[in-house]
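Geometric and topological summary
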Amino acid sequence: MGIHKLHLDEFDEVDYELIAIHTSLEDFRLAYFINQQLPILLSRSNDEIGITTKDGEAAFTKFSYDDVAKDILWSLVQNKNEIITYKKNNTQDLFLDENVEIATKVYLLPELKKVDYFLKIENNCNTFEIEEILQKLNKIEWITTVYEVFPDNIKSKNNLIF
(Lines give C-alpha, C1' and ligand atoms only; values in the text may rest on other atoms or scores of the structure.)
Protein backbone atom coordinates (compact mmCIF):
# COMPACT_ATOMS: atom_id res chain seq x y z
CA MET A 1 0.00 0.00 0.00
CA GLY A 2 1.38 3.41 -0.97
CA ILE A 3 1.89 6.36 1.31
CA HIS A 4 -0.20 9.45 0.62
CA LYS A 5 1.18 12.80 1.68
CA LEU A 6 -0.85 15.94 2.13
CA HIS A 7 0.85 19.29 1.96
CA LEU A 8 -0.51 22.15 4.03
CA ASP A 9 -0.15 24.47 1.04
CA GLU A 10 -3.04 22.64 -0.62
CA PHE A 11 -5.44 23.84 2.08
CA ASP A 12 -4.21 27.43 2.07
CA GLU A 13 -5.83 28.37 -1.23
CA VAL A 14 -8.23 31.29 -1.25
CA ASP A 15 -11.47 30.41 -3.03
CA TYR A 16 -13.34 33.64 -2.39
CA GLU A 17 -13.30 37.30 -3.34
CA LEU A 18 -13.57 40.05 -0.78
CA ILE A 19 -15.02 43.51 -1.32
CA ALA A 20 -14.55 46.29 1.24
CA ILE A 21 -17.45 48.71 1.71
CA HIS A 22 -17.28 52.14 3.38
CA THR A 23 -20.70 53.47 4.40
CA SER A 24 -22.61 54.95 7.31
CA LEU A 25 -25.67 52.75 6.68
CA GLU A 26 -26.92 50.18 9.16
CA ASP A 27 -26.34 46.59 8.13
CA PHE A 28 -29.96 45.79 7.24
CA ARG A 29 -30.32 48.90 5.08
CA LEU A 30 -27.06 48.14 3.29
CA ALA A 31 -28.24 44.57 2.60
CA TYR A 32 -31.49 45.97 1.17
CA PHE A 33 -29.68 48.31 -1.23
CA ILE A 34 -27.22 45.59 -2.28
CA ASN A 35 -30.19 43.30 -3.03
CA GLN A 36 -31.58 45.99 -5.32
CA GLN A 37 -28.33 46.37 -7.27
CA LEU A 38 -27.14 42.77 -7.51
CA PRO A 39 -29.02 39.62 -8.52
CA ILE A 40 -28.97 38.29 -4.94
CA LEU A 41 -31.26 38.20 -1.93
CA LEU A 42 -29.23 38.74 1.24
CA SER A 43 -31.03 37.89 4.48
CA ARG A 44 -29.93 38.04 8.08
CA SER A 45 -28.27 34.86 9.27
CA ASN A 46 -29.01 33.51 12.74
CA ASP A 47 -25.40 32.56 13.32
CA GLU A 48 -23.18 35.53 14.05
CA ILE A 49 -19.42 35.53 13.72
CA GLY A 50 -17.78 35.40 17.12
CA ILE A 51 -14.31 36.77 17.78
CA THR A 52 -12.57 36.47 21.13
CA THR A 53 -10.15 39.22 22.14
CA LYS A 54 -8.36 40.12 25.35
CA ASP A 55 -11.23 42.49 26.19
CA GLY A 56 -13.97 39.92 25.70
CA GLU A 57 -16.04 38.33 22.99
CA ALA A 58 -17.61 40.20 20.09
CA ALA A 59 -20.32 39.05 17.68
CA PHE A 60 -20.46 40.42 14.14
CA THR A 61 -23.74 40.32 12.22
CA LYS A 62 -23.87 38.39 8.98
CA PHE A 63 -26.25 38.52 6.03
CA SER A 64 -25.99 35.68 3.54
CA TYR A 65 -27.42 34.37 0.29
CA ASP A 66 -26.76 30.89 -1.06
CA ASP A 67 -27.19 30.82 -4.83
CA VAL A 68 -27.77 27.08 -5.24
CA ALA A 69 -28.10 27.25 -9.04
CA LYS A 70 -24.65 28.82 -9.47
CA ASP A 71 -23.14 27.35 -6.27
CA ILE A 72 -22.08 30.77 -4.99
CA LEU A 73 -22.32 31.89 -1.36
CA TRP A 74 -22.59 35.63 -0.71
CA SER A 75 -21.94 37.00 2.79
CA LEU A 76 -22.20 40.57 4.03
CA VAL A 77 -20.36 40.97 7.34
CA GLN A 78 -19.79 43.99 9.52
CA ASN A 79 -16.18 44.83 10.37
CA LYS A 80 -16.68 47.05 13.43
CA ASN A 81 -18.30 46.28 16.74
CA GLU A 82 -18.03 47.29 20.40
CA ILE A 83 -17.42 45.26 23.52
CA ILE A 84 -18.84 46.80 26.67
CA THR A 85 -17.17 45.80 29.90
CA TYR A 86 -18.00 46.86 33.45
CA LYS A 87 -15.28 47.58 35.99
CA LYS A 88 -15.54 48.52 39.61
CA ASN A 89 -14.80 52.15 40.31
CA ASN A 90 -11.73 52.22 42.59
CA THR A 91 -11.56 55.96 43.18
CA GLN A 92 -12.64 57.54 46.45
CA ASP A 93 -15.67 59.59 45.54
CA LEU A 94 -19.38 59.93 46.16
CA PHE A 95 -20.29 57.03 43.83
CA LEU A 96 -18.05 54.44 45.43
CA ASP A 97 -20.18 51.44 44.55
CA GLU A 98 -20.82 52.40 40.92
CA ASN A 99 -19.53 50.28 38.04
CA VAL A 100 -17.73 52.04 35.21
CA GLU A 101 -18.84 51.11 31.69
CA ILE A 102 -15.98 50.84 29.20
CA ALA A 103 -16.63 50.45 25.46
CA THR A 104 -13.85 48.98 23.34
CA LYS A 105 -13.92 48.87 19.53
CA VAL A 106 -13.25 45.47 17.99
CA TYR A 107 -12.61 44.70 14.32
CA LEU A 108 -13.13 41.52 12.33
CA LEU A 109 -10.04 42.39 10.30
CA PRO A 110 -7.92 44.76 12.42
CA GLU A 111 -5.65 45.60 9.46
CA LEU A 112 -8.60 47.29 7.74
CA LYS A 113 -10.05 49.40 10.57
CA LYS A 114 -11.63 51.99 8.27
CA VAL A 115 -13.76 49.42 6.42
CA ASP A 116 -17.35 49.20 7.65
CA TYR A 117 -18.51 46.00 5.90
CA PHE A 118 -17.14 43.18 3.78
CA LEU A 119 -18.93 41.38 0.98
CA LYS A 120 -17.46 37.90 0.69
CA ILE A 121 -18.20 35.93 -2.48
CA GLU A 122 -17.32 32.24 -2.27
CA ASN A 123 -16.91 29.88 -5.26
CA ASN A 124 -17.21 32.65 -7.83
CA CYS A 125 -15.49 30.79 -10.66
CA ASN A 126 -15.67 33.70 -13.12
CA THR A 127 -19.47 33.71 -12.91
CA PHE A 128 -19.46 37.38 -11.94
CA GLU A 129 -16.77 39.89 -12.78
CA ILE A 130 -15.58 41.77 -9.71
CA GLU A 131 -15.38 45.03 -11.66
CA GLU A 132 -19.08 44.71 -12.57
CA ILE A 133 -20.01 44.13 -8.95
CA LEU A 134 -17.93 47.12 -7.84
CA GLN A 135 -19.61 49.36 -10.42
CA LYS A 136 -23.08 48.27 -9.31
CA LEU A 137 -22.23 48.81 -5.64
CA ASN A 138 -20.86 52.27 -6.45
CA LYS A 139 -24.32 53.19 -7.75
CA ILE A 140 -25.68 53.00 -4.20
CA GLU A 141 -25.88 56.60 -3.06
CA TRP A 142 -24.91 55.99 0.58
CA ILE A 143 -21.79 53.97 -0.14
CA THR A 144 -18.70 56.13 -0.03
CA THR A 145 -16.15 53.67 -1.40
CA VAL A 146 -15.97 50.04 -2.53
CA TYR A 147 -12.87 48.16 -3.60
CA GLU A 148 -11.51 44.65 -3.82
CA VAL A 149 -9.34 43.36 -1.00
CA PHE A 150 -6.86 40.58 -1.67
CA PRO A 151 -7.01 38.05 1.20
CA ASP A 152 -3.38 37.02 0.69
CA ASN A 153 -2.31 40.41 2.08
CA ILE A 154 -4.36 40.07 5.30
CA LYS A 155 -2.77 38.67 8.44
CA SER A 156 -6.05 37.88 10.20
CA LYS A 157 -7.72 36.18 7.21
CA ASN A 158 -8.61 33.23 9.48
CA ASN A 159 -11.41 35.44 10.84
CA LEU A 160 -13.03 35.14 7.40
CA ILE A 161 -13.54 31.39 7.79
CA PHE A 162 -17.22 31.09 8.63
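For the structure given in this document, a descriptive report is provided here. All figures in this text were calculated on a predicted structure; none of them were measured in a lab.

Parameters at a glance
- Residues numbered from 1 in each chain as written.
- Predicted model: local features only at pLDDT ≥ 70, side-chain atom pairs only at ≥ 80, totals over all residues.
- Heavy atoms only, no water.
- Pairing = 2+ DSSP bridges.
- Helix = DSSP H or I, 4+ residues; strand = E, 2+ residues; numbered from the N terminus.
- Contact = heavy atoms within 4.5 Å.
- Axes fitted to C-alpha atoms, helices over the stretch in contact; angles between N-to-C directions.
- Buried < 20%, exposed > 50% of the residue type's maximum accessible area, 1.4 Å probe, protein only.
- Arc of directions from axis to C-beta.

Moving on, we come to the sheet that holds strand 5 (residues 62–67). Paired through backbone hydrogen bonds, the strands of a sheet run either parallel or antiparallel to each other. Read from one edge to the other, the open sheet built from 6 strands follows the order 2-5-6-9-1-10, with strand pairing classed as antiparallel. Each edge of the open sheet is held by one strand with a lone partner, namely strand 2 (43–44) and strand 10 (143–149). Where strand 5 lies against strand 6 (residues 72–78), 6 bridges are found, and the strand directions are antiparallel. Bridging across to strand 6, lysine 62 finds its partner in valine 77. Helix-sheet contacts for helix 1 (residues 27–37) involve strand 1 (16–23), strand 2, strand 5, strand 6, strand 9 (117–122) and strand 10, and the interaxial angle to strand 6 is about 145°. The sheet contacts of helix 2 (residues 130–138) involve strand 1, strand 6, strand 9 and strand 10, and relative to strand 10 the element is tilted by about 170°.

In this section: helix 2. Among all positions of helix 2, only Ile130, Ile133, Leu134 and Leu137 are buried. Projected onto a plane normal to the axis of helix 2, the buried residues spread over an arc of 100° and lie on a single side. Facing away from the buried side of helix 2 by more than 90 degrees, the exposed set consists of Glu131 and Gln135. Elements in contact with the buried residues of helix 2: strand 1, helix 1, strand 6, strand 9 and strand 10.

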